[in-house]
Amino acid sequence: SSGINAEYGDLTRSICYYSCLKMRYVAAYMLAQLSGKEAPSTKDIKEIIESVGVDCDDGKMNKMMEALKGQTISELITKGISEMGSVPMGGVAVAAAPAA
């Protein structure tokens, strides 16, 4: 097949897979909170991550747990949205055509 998927499909899947793995700790933390655990423990997070067959790095998990300590899902989402607002989203401004 032709097109962008044929040319970049494997690369795109690899990037998505890597990005998703980087988010596993935050995603597991949020899932634990959604399940009713107000303050998820490292054991809760590790169980969620390992339940889907993904390795859990204790050092990375502990670093994330320290950073998220005491925050709720809504606080994390609000913080993330406000931080996204400061990121340039690309695109080029088109100048208006001169008046004739």
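Let's talk about the overall build of the chain
- Along its length, the chain carries 5 helices and 0 strands.
- For the chain, the N- to C-terminal ordering of α and β elements is α-α-α-α-α.
- Expressed as a percentage of the 100 residues in the chain, the buried residues total 20%.
- Long-range contacts, defined as pairs at least 24 residues apart, comprise 52% of the intrachain contacts of the chain with a sequence gap of at least 6.

Observations regarding the nonpolar core
- Judged by nonpolar contacts, Tyr25, Ala28, Tyr29, Ala32, Ile45, Ile49, Cys56, Met61, Met64, Met65, Leu68 and Leu76 together constitute the single largest core of 12 residues.
- Sorting the residues of this core by element identifies helix H2 (24–34), helix H3 (42–51) and helix H4 (58–68) as the ones contributing at least two each.
- Those residues in contact with Ile49, other than ones at most four positions away along the chain, are Arg24, Tyr25, Ala28, Val54, Asp55 and Cys56.

What to know about the environment of Thr78
- With respect to the helices, strands and loops of the structure, Thr78 is situated in helix H5 (residues 73–84).
- For Thr78, a relative accessible area of 52% gives the class exposed.

Points about the packing of H2 against H3
- At a closest axis distance of 9 Å, the pairing of H2 and H3 adopts a crossing angle of 110°. Here H3 runs roughly perpendicular to H2, going by the angle between their axes. Seen along the crossing, H2 lies across H3 with a hand that is right-handed. Across from Arg24, Tyr25, Ala28, Tyr29, Leu31 and Ala32 in H2, the residues of H3 making contact are Ile45, Ile48 and Ile49.
- Within the contact of H2 with H3, the residues separate by chemical class into 8 nonpolar, no polar and 1 charged.

Let's talk about the pattern of salt bridges
- Under the defined criterion, the tally for this structure stands at 3 salt bridges.
- Residues Glu47 and Lys43 are paired through a salt bridge, measuring 3.8 Å at the closest nitrogen-oxygen approach. In this pair, Glu47 and Lys43 are both assigned in helix H3, 4 residues apart and thus about one turn of the helix distant.
- Under the relative-accessibility criterion, Glu47 is labelled partly exposed at 45%.
- A salt bridge links Lys46 to Asp58, with the nearest nitrogen and oxygen atoms 3.0 Å apart. A residue pair is termed long-range when its members are at least 10 positions apart, and Lys46 in helix H3 and Asp58 in helix H4 qualify at 12 residues.

Calculation rules
Residues numbered from 1 in each chain as written. Predicted model: local features only at pLDDT ≥ 70, side-chain atom pairs only at ≥ 80, totals over all residues. Heavy atoms only, no water. Helix = DSSP H or I, 4+ residues; strand = E, 2+ residues; numbered from the N terminus. Buried < 20%, exposed > 50% of the residue type's maximum accessible area, 1.4 Å probe, protein only. Contact = heavy atoms within 4.5 Å. Core = buried A, V, L, I, M, F, W, Y, C linked by side-chain atoms within 4.5 Å. Axes fitted to C-alpha atoms, helices over the stretch in contact; angles between N-to-C directions. Parallel < 35°, antiparallel > 145°, perpendicular 65-115°, else oblique. Left-handed = near helix turned anticlockwise from the far one by under 90°. Nonpolar A, V, L, I, M, F, W, Y, C, P; charged D, E, K, R; others polar. Salt bridge = Lys/Arg side-chain N within 4 Å of Asp/Glu carboxyl O.

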